[in-house]
Amino acid sequence: QVQLVESGGGLVQAGESLTLSCTTSGTTSNINAFAWYRQAPGKQREFVAFVKRDGTTMYADSVKGRFTISGDIARNTMYLQMSSLKSEDTAVYYCAAGSNIRTYAYWGQGTQVTVSS
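Anyway, here's the lowdown on the structure attached to this text.

1. Remarks on the pattern of salt bridges
According to the stated counting rule, one finds 4 salt bridges in the structure shown. Close ionic contact of D89 with R38 constitutes a salt bridge, the shortest N to O distance being 2.9 Å. A residue pair is termed long-range when its members are at least 10 positions apart, and D89 in the loop between β8 (77-82) and β9 (91-98) and R38 in strand β4 (residues 33-39) qualify at 51 residues. By relative accessible area, R38 is classed as buried at 5%. Of the charged contacts, one joins D61 and K64 as a salt bridge, the two residues approaching to 3.1 Å between their closest N and O atoms. According to the relative accessible area criterion, D61 is exposed, its value standing at 67%. Of the residues examined, K64 reaches a relative accessible area of 51% and is grouped as exposed.

2. Describing the sheet that holds strand β7 (residues 67-72)
The strands making up a sheet associate through backbone hydrogen bonding, with each pair oriented either parallel or antiparallel. In spatial order, the strands read β1-β3-β8-β7; together these 4 strands make up an open sheet with antiparallel pairing. Looking along the sheet, the strands with just one partner apiece sit at the ends: β1 (2-7) and β7. Along the sheet, successive strands turn relative to each other by an average axial angle of 15 degrees, direction set aside. Sheet topology places β7 next to β8; 6 bridges connect them, and they run antiparallel.

3. Structural notes on the nonpolar core
Counting 28 residues, the largest nonpolar core has W36, L80, M82 and Y93 as its most contacted members. Sorting the residues of this core by element identifies β1, β3 (18-26), β4, β5 (46-52), β7, β8, β9 and β11 (111-116) as the ones contributing at least two each. Among the elements that take part in this core, β9 stands out by supplying 4 residues, more than any other. Not counting residues up to four positions away in its chain, the partners in contact with M82 are E16, S17, L18, L20, R66, F67, Y93 and V113. If you look at the next biggest cluster of nonpolar residues, it comprises 6 residues, including A33, A35, A96 and Y104.

4. A closer look at the environment of D72
Secondary-structure assignment places D72 in strand β7. Looking at D72, the relative accessible area reads 30%, which means it is partly exposed. With 17 residues separating them in the primary sequence, D72 and G55 have C-alpha atoms 8.9 Å apart.

Rules behind the numbers
Residues numbered from 1 in each chain as written. Predicted model: local features only at pLDDT ≥ 70, side-chain atom pairs only at ≥ 80, totals over all residues. Heavy atoms only, no water. Salt bridge = Lys/Arg side-chain N within 4 Å of Asp/Glu carboxyl O. Helix = DSSP H or I, 4+ residues; strand = E, 2+ residues; numbered from the N terminus. Buried < 20%, exposed > 50% of the residue type's maximum accessible area, 1.4 Å probe, protein only. Pairing = 2+ DSSP bridges. Axes fitted to C-alpha atoms, helices over the stretch in contact; angles between N-to-C directions. Core = buried A, V, L, I, M, F, W, Y, C linked by side-chain atoms within 4.5 Å. Contact = heavy atoms within 4.5 Å.

Structure representation (C-alpha cells):
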C-alpha cells in the first residue's frame, strides 16, 4: 500500500504563488508516475500535471507556463509550484501515484487552494 499526503494549500490573491507538496509512504517500488489533479466546486476532477520516474512531465493547457511539477521519485516526494494564480485555479488539489501515467491507484485526501480575485 502507498499513502499520499498533500500539504501547502491555502488562500492567496490572484497573481500570487503557492507550492504544494506530496509526501508518500509505504511500498513505492512499483510507482513510476506521480500526478496532480484538481476538482473545482461543481466540476469534475481534472488532470493538472504528471511527472514520470524518468523525469518526463506533462501539463494541462490551462496551467502550462504557470505551474511546474517536480519531485524526487526515489525519495517519494513531489511538488507543484504554482505561479500567476487565477481565480479559476481555485479547487481541491489531489496528489496521485501509479505504475503508469494512465492508471493512478493511490490518491491523497486533497488540499484546498483558494485564489481570490
